[in-house]
Amino acid sequence: MIGKICGTGSYIPSLVWDNEKLAQLVETDDEWIRERTGIARRHLIDGEETTSYMAAQAAGEALKDAGVRPEEVDLIVVATMSSQNIMPCTACEVQNVIGAVNAACFDLNAACTGFLFALNTAQAYLGQGIYKTAVVIGTESLSNMVNWEDRSTCILFGDGAGAVVLKASEDGRYSQVTYSDGSKGDVLTCSSRNQKKFEDEPRDGSTYMQMDGGEVFKFAVSKVPEAVRELLDQEQMTTEEIAYYILHQANVRIVRSVAKRLGEKAEKFPTNMEEYGNTSSASIPILLDELNKKKTFQSGDFIVLSGFGGGLTYGASLIRW
Ligand code: COA
């Protein structure tokens, strides 16, 4: 028994900050950001939008896509590092909004790899026959954690949410590899969330997102291909059998480098960071939803999902569409 994805959804906040807008805040320019990252714009929460608001919208859309009623949901797992409240958890807030009255709900945090860990967790519940229907969500308001005076980080991140509905099924495939390396924790840190809205004056820069960009880059381009190869070896599959690789959308140069290291064509690695920037745990489900809506996937396609991020954490999962 595995959890088969039978619906996807996403929520993208409407406030858009393009690279020109950032050039008014820090010493940077559109050409540098596009060339080094592939990012042109990012969407940020505004007004009533919060981490749980976006998550609930994405979940509602995914349930509609799956044709599943909220009462049928047994489990909601939310991956996030930017919930607006410590308690209740975002998953419980989502439950309340969408009316999933029968669901058990909890959050987990594995930074940008969070969606993969949440998917693994839901798969374990479904695989054991404990639950039949699960909603897995990645949702982030990174705009509350980024120092908008630090050009080395603020150009990279954006807000958004993505969700999938899983139904227990005999027909399907799921396998994964995930790893963590706590000894590299200092490479990507944030000691406080919900610090101040981005339009306010930052207080103490040290409590915002801090990153050694070069180290993260090196980590991603070596560990992602390693995880994908291990996953395929484990499943006795070759790269030729994979229709698409849905990678965490951090930097287009990372995606291209992973494709090259795997000896694969860039066309098998769709990207959307140009529009949204790095939305951390939301990036993989947002891209999945975008491609699902475009009917990119054929039934039976093998797809590899792969992510990396704070912790440091990384992993890869194989799904069959
Ligand atoms: N605009 C203009 N110039 C900038 C800049 C910006 N936003 N940020 C840095 N620079 C400057 C640097 O000061 C440096 O100048 P110098 O050569 O005079 O010292 C120069 O550009 C090159 O900086 P460098 O840090 O070497 O650039 P890079 O090519 O490594 O790109 C990142 C920086 C952050 C884009 C890249 O390292 C990266 O994407 N890393 C991964 C980060 C990531 O994905 N994090 C999230 C993981 S989940």
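(A) A look at the site of the ligand. Near the ligand you find 21 residues, and of these Thr28, Arg36, Arg151, Gly213 and Asn251 are the closest. In this structure, arginine 36 approaches the ligand through a side-chain N or O atom, which is 2.8 Å from an oxygen atom. In isolation the ligand has 980 Å² of accessible area, and contact with the protein removes 69% of it. At the level of secondary structure, the elements contributing two or more residues to the shell around the ligand comprise helix H2 (30–37), helix H7 (213–234) and strand S12 (302–309).

(B) Helix H10 (residues 283–293), seen in detail. Most of H10 sits out of view: 10 of its 11 residues are buried. Turning to H10, its buried residues are Ser283, Ile284, Pro285, Ile286, Leu287, Leu288, Asp289, Glu290, Leu291 and Asn292. After H10 finishes, the residue lysine 295 shows a positive phi value of roughly 55 degrees.

(C) A look at empty space enclosed by the protein. This structure, assessed with the given rule, holds 2 cavities of 30 Å³ or more. The space that makes up the largest cavity amounts to roughly 80 Å³. In this structure, the largest cavity is lined by Ile2, Gly3, Lys4, Ile5, Leu119, Gln123, Leu166, Arg173, Tyr174, Ile319, Arg320 and Trp321. Listing elements by their share of the lining of the largest cavity, those giving two or more residues are strand S1 (2–11), helix H5 (114–127) and strand S13 (313–320). Broken down by element, the lining of the largest cavity gets its largest block of residues, 4 residues, from S1. The residue makeup of the lining of the largest cavity, split by class, is 7 nonpolar, 2 polar and 3 charged.

(D) Quick look at the sheet that holds strand S11 (residues 242–247). Sheet architecture is open: 4 strands sit in the order S8-S13-S12-S11, paired in mixed fashion. Two strands lie at the open edges of the sheet, namely strand S8 (174–180) and S11, each paired on one side alone. Mean inter-strand twist for the sheet, computed between neighbouring axes without regard to direction, equals 10 degrees. Sheet topology places S12 next to S13; 8 bridges connect them, and they run antiparallel. Residue glycine 307 lies in a different strand from S13, and its bridge partner there is glycine 315. Along the sheet, H5 makes contact with S8, S12 and S13, crossing S8 at roughly 130 degrees. Packing of H7 onto the sheet brings it into contact with S8, S11, S12 and S13, and relative to S13 it is tilted by some 40 degrees.

(E) Main features of the layout of surface pockets. Approximately 380 Å³ is the volume found for the largest pocket. Taken together, 23 residues line the largest pocket, and the ones lying closest to its centre are Leu156, Met211, Gly213, Phe217 and Asn251. If you list the elements that add at least two residues to the lining of the largest pocket, you get H2, helix H6 (151–154), H7, helix H8 (252–261) and S12. Broken down by element, the residue count for the lining of the largest pocket peaks at 4 residues, all from H7. Class assignment for the residues of the lining of the largest pocket results in 12 nonpolar, 8 polar and 3 charged. If you add up the space inside the second largest pocket, you get close to 210 Å³. Contributing to the lining of the second largest pocket are 13 residues, with Met81, Ala111, Leu188, Thr189 and Cys190 lying nearest its centre. Of the residues assigned to the lining of the second largest pocket, the class counts are 8 nonpolar, 5 polar and no charged.

(F) Structural context of the sheet that holds strand S5 (residues 104–108). One open sheet holds the 5 strands; their spatial order is S1-S7-S6-S4-S5, and the pairing between them is mixed. Looking along the sheet, the strands with just one partner apiece sit at the ends: S1 and S5. In this sheet, neighbouring strand axes are inclined to one another by 20 degrees on average, regardless of whether the strands run parallel or antiparallel. Both strand S4 (residues 75–79) and strand S6 (residues 133–141) contribute to a ladder of 5 bridges, which runs parallel. Counted as the bridge partner of leucine 75 is alanine 134 from S6. On the sheet, helix H3 (residues 51–66) packs against S1, S6 and strand S7 (159–169) and is oriented at approximately 125 degrees with respect to S1. Strand contacts of H5: S1, S4, S5, S6 and S7, with the helix running at about 165 degrees to S6, the strand carrying the most contacts.

(G) Broad picture of the pattern of salt bridges. Counted under the stated rule, the structure contains 12 salt bridges. For arginine 69, the salt bridge identified is with glutamate 71, shortest N-O distance 2.9 Å. With a closest N to O distance of 3.0 Å, aspartate 181 and lysine 184 form a salt bridge.

(H) Quick look at the environment of tyrosine 131. If you trace the backbone, tyrosine 131 turns up in the loop between H5 and S6. On the accessibility criterion, tyrosine 131 (22% relative accessible area) is partly exposed. Sequence separation between tyrosine 131 and leucine 75 is 56 residues, and the spatial gap between their C-alpha atoms is 7.1 Å.

The rules we used
Residues numbered from 1 in each chain as written. Predicted model: local features only at pLDDT ≥ 70, side-chain atom pairs only at ≥ 80, totals over all residues. Heavy atoms only, no water. Near = heavy atom within 4 Å. Polar contact = N/O pair within 3.5 Å; in protein donor to acceptor, adjacent residues only side chain to side chain. Areas by Shrake-Rupley, 256 points an atom, 1.4 Å probe, with all protein chains shown as cover. Helix = DSSP H or I, 4+ residues; strand = E, 2+ residues; numbered from the N terminus. Buried < 20%, exposed > 50% of the residue type's maximum accessible area, 1.4 Å probe, protein only. 1 Å grid on protein atoms, 1.4 Å probe; cavity = no way out; pocket = protein on both sides within 12 Å on 5 of 7 lines; lining within 4 Å. Points joined across faces, edges and corners; volume = space filled by probe spheres on them. Nonpolar A, V, L, I, M, F, W, Y, C, P; charged D, E, K, R; others polar. Pairing = 2+ DSSP bridges. Axes fitted to C-alpha atoms, helices over the stretch in contact; angles between N-to-C directions. Contact = heavy atoms within 4.5 Å. Salt bridge = Lys/Arg side-chain N within 4 Å of Asp/Glu carboxyl O.

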